[in-house]
Each structure stands twice: as structure tokens, then as C-alpha cells.
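Architecture and fold: a report
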Amino acid sequence: MRVVAGQLGGRRLRAPRGRDTRPTSDRVREALFAMLGSVEGLRVLDLFAGSGALAIEALSRGAASATLVDRDPRAVAVIRDNLTALELGPERARVLQAPARVALRDASSAGEAYDLVLLDPPYRDAPALGRELSQALPAVLAPDARVVAESDRRAPLELGLPVVVERRYGDTLIRIHALHGP
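Notes on the structure in this doc start here. Note that the structure is predicted; figures quoted are calculated from it, not measured. (Residues numbered from 1 in each chain as written. Predicted model: local features only at pLDDT ≥ 70, side-chain atom pairs only at ≥ 80, totals over all residues. Heavy atoms only, no water.)

Quick word on the pairing of strand 5 (residues 141-152)
Selection criterion: The classification of residues rests on relative accessible area computed with a 1.4 Å probe and restricted to protein chains. Under 20% of the type maximum is buried, over 50% is exposed, and intermediate values are partly exposed. Counting from the N terminus, the helices are the DSSP runs of H or I reaching at least four residues and the strands are the DSSP runs of E reaching at least two. By the convention used here, strands pair only if DSSP detects at least 2 bridges between them. Call a crossover right-handed when, viewed with both strands pointing away from you, the route from the first strand across the helix to the second goes clockwise.
Here strand 5 lies mainly inside the structure; nine of its twelve residues are buried. By the bridge criterion, five bridges tie strand 4 (residues 114-119) to strand 5 in an arrangement that is parallel. Residue pairing across strands places Leu 118 opposite Val 148, the latter belonging to strand 5. Once the chain exits strand 4 it traverses helix 5 (residues 126-136) before rejoining the sheet at strand 5, and the crossover so formed is right-handed. Bridge analysis of strand 5 against strand 7 (residues 172-178) gives seven bridges, and the strand direction is antiparallel. Looking at the pairing, Val 147 lines up with His 177 of strand 7.

Structural data, given as C-alpha cells:
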């Protein structure tokens, strides 16, 4: 697995061992960032970060900062290793070990707002997360924010936010949502 493009393009990334983490393929990441267009200067929140590949891709392409959240200590250790290897310090990338709902609650309490939220939960968990994420996300979204949801097309992550783009890549479904629709 590699960073696809930008300042860190071509650099290798590690992924957590085991079957609990399913990194987004290079091909899907490339297509996703083509759909998003410029991410220059954006504040990014990567929930269910896994290896950190999505947030690292955004940082490589000019995002101002990223908060990477995962509840699994093995994933958090790999994210930290990847950030260290790429020389992405705490001024650009912050790592939190916490469940998504706790991270969202704490971000809302702190008045944090994000321009781009990346959601790539374990596929088996996605159907059960829709309502909870739909209720918690608006409190941390900047006015023109977009939310990217990656899930299995057979059991999609259903968010109560307008879908502005939807694409399928094999069994992977990518939806880009916006708070106020297209």
C-alpha cells in the first residue's frame, strides 16, 4: 500500500495485521480523491482510520490538518508509525484512540469543525452505525463540509445526509455527502 499522489506520493504505508482492518485500495483512493478535487487547506477527520491511509492521502495532497481516530490500539500504533515514517508531526496530524462516537462527542464539546470527514468503518459494522453517525456528525461539520462514506455495496453505511456523489468499485461503495446537498 502506497500514498497515491501529492507531496508524499509513492511512499509506502503499513497496515495493521489481521483481518479487522481492510485498507482502502490504491485504486479506490485514487478515484475518491479525483471525485473530491482539491483538498488544499482542509481540516480532515478520519474516523475508523485503520492504517491512516485516507487521512495521509489528504495530507499529501495539501490538507491543512487531520485528526485520525481508531479504537483499536494496534491500528493506532500503525498510524503513529506511518506518520513518523512520513515525518507528519502533531501540528498536521493528531491521533486519538477512541470509539467514533466518543471522538465526535469530544470534538463537538471542544467546538471543533471539519471540512472533510472520512468514514470507513468495518464493513460488518456499517449498517448499525448510520443513525448514530447521522446524529453526531452535523455538530462537527464546517458549513461547506463533505462526508465520505466507504462501505460494502451489499450492506451500505446509510447516513441521513444528502448524497452528492455515489460510485461503486467492485463490492466497495463510495458515497460523498454534503450537509446541505448538491
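There is more to say, and it comes next.
Focus: the pairing of strand 6 (residues 163-169)
Pairing of strand 6 with strand 7, which is carried by six bridges, proceeds in the antiparallel orientation. Within strand 7, the residue paired with Glu 166 across the bridge is Arg 175. Taken together, strand 6 and the strand that follows it, strand 7, pair antiparallel across an intervening segment of two residues, in which Gly 170 is found at a positive phi of about 65 degrees.

A word on the pattern of salt bridges
To keep it simple, the criterion reads: Think of a salt bridge as a Lys or Arg side-chain nitrogen and an Asp or Glu carboxyl oxygen that are within 4 Å of each other.
Evaluation of the coordinates by the stated rule reveals 14 salt bridges. Of the charged contacts in the structure, one is a salt bridge between Arg 14 and Asp 81, with a shortest N-O distance of 2.6 Å. Of this pair, Arg 14 sits in the segment before helix 1 (26-36) while Asp 81 sits in helix 3 (residues 73-85), and the two are 67 residues apart along the sequence. Notably, a salt bridge pairs Arg 175 with Glu 158, separated by 3.0 Å at the nearest N-O pair. Of this pair, Arg 175 sits in strand 7 while Glu 158 sits in the loop between strand 5 and strand 6; the two residues are 17 residues apart in sequence, bridging distant segments of the chain.

Remarks on the sheet that holds strand 3 (residues 93-97)
Spelled out, the test is: The angle between two axes is taken between their N-to-C directions and runs from 0 to 180 degrees, where each axis is a line fitted to C-alpha atoms and a helix contributes only its stretch in contact. Contacts are residue-level and defined by heavy atoms, with any inter-residue pair within 4.5 Å sufficient.
Overall, mixed pairing links the seven strands, which are arranged 3-2-1-4-5-7-6 in an open sheet. At either end of the open sheet lies a strand with only one pairing partner, and these are strand 3 and strand 6. Taken over all neighbouring pairs, the strand axes of this sheet differ in orientation by 15 degrees on average, direction set aside. Two strands pair when backbone bridges link them, and strand 2 (residues 65-70) and strand 3 are joined in this way by five bridges, in the parallel orientation. From the neighbouring strand, Asp 70 faces strand 3, where its bridge partner is Gln 97. Helix 1 contacts strand 4, strand 5, strand 6 and strand 7 of the sheet and is inclined by roughly 25 degrees relative to strand 7.

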